[in-house]
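Structure at a glance
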Amino acid sequence: LRFSNLRQMLDHISIMASTSKTTTHTNSLGDPLTLDSVDFLFSAPAQKALTKLQAENVASAYTLRILTELRKEFTSTEAAALLRVAQLRRKAISKFPHAEQMFFVAEALDQATAWEIALHRAEAIHRSAPPGPMLDLGCGIGGDTLALAQFRQVIAYERDPVRLRFAAANAQLY
């Protein structure tokens, strides 16, 4: 597709975004991560459970024990979402300084640039780009967006509503 100006491109992107509201992600336990489960993960009970899970060994060898305990208080879908977030947070520690509070989708975490590298690239972009806000199209969970935001205003866009909600939540940590 070709666009004669930025406005035309953004209008096209907005149209594409409005047609992609049904995105779900399947976590390692086979449960879909929907916008409803994202809403749950942002709730006070989920936040309390996620804080408690930080002290747990969430390796796959302990999945049954952890899920059994979580299912005393949460549905199986909620328990699976909690465990998956806890596992991804643990995996993300090597990439992000605030990983223990961030939200991830497995594929997006795997694709995310490590913080130090993203920060270095963001600084280089900041020095060479003209003044004004940056546009991050396809921001995923927000890794590069967060780094760019250390230097200037960033307008982030993501077609996937789950990743977009996670990116917005992650942005509040920085």
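What this report covers is the structure whose coordinates are included nearby.

Tallied over the full model, the rule gives six aromatic pairs. Aromatic pair F42 and F103: ring centres 4.9 Å apart, planes at 85°, arrangement edge-to-face. Of this pair, F42 sits in the loop between α2 (35–41) and α3 (44–53) while F103 sits in the loop between α5 (76–92) and α6 (106–111); the two residues are 61 residues apart in sequence, bridging distant segments of the chain. On the accessibility criterion, F42 (28% relative accessible area) is partly exposed. For F103, a relative accessible area of 5% gives the class buried. Through a chain of ring-to-ring contacts, three or more aromatic side chains come together here, namely F42, F103 and F166.

We now examine the pairing of strand β3 (residues 134–137). Alternating residues of β3 divide into M134 and D136, all buried, and L135 and L137, none buried. Pairing of β3 with strand β4 (residues 154–157) involves four bridges; the strand directions are parallel. Note on β4: the bridge partner recorded for L137 is Y157. Traced from β3 through helix α8 (residues 143–148) to β4, the parallel crossover comes out right-handed.

Parameters and conventions
- Residues numbered from 1 in each chain as written.
- Predicted model: local features only at pLDDT ≥ 70, side-chain atom pairs only at ≥ 80, totals over all residues.
- Heavy atoms only, no water.
- Phe/Tyr/Trp six-rings, centres within 6.5 Å; stacked < 30°, edge-to-face > 60°.
- Helix = DSSP H or I, 4+ residues; strand = E, 2+ residues; numbered from the N terminus.
- Buried < 20%, exposed > 50% of the residue type's maximum accessible area, 1.4 Å probe, protein only.
- Pairing = 2+ DSSP bridges.
- Right-handed = clockwise from strand over helix to strand, strands pointing away.

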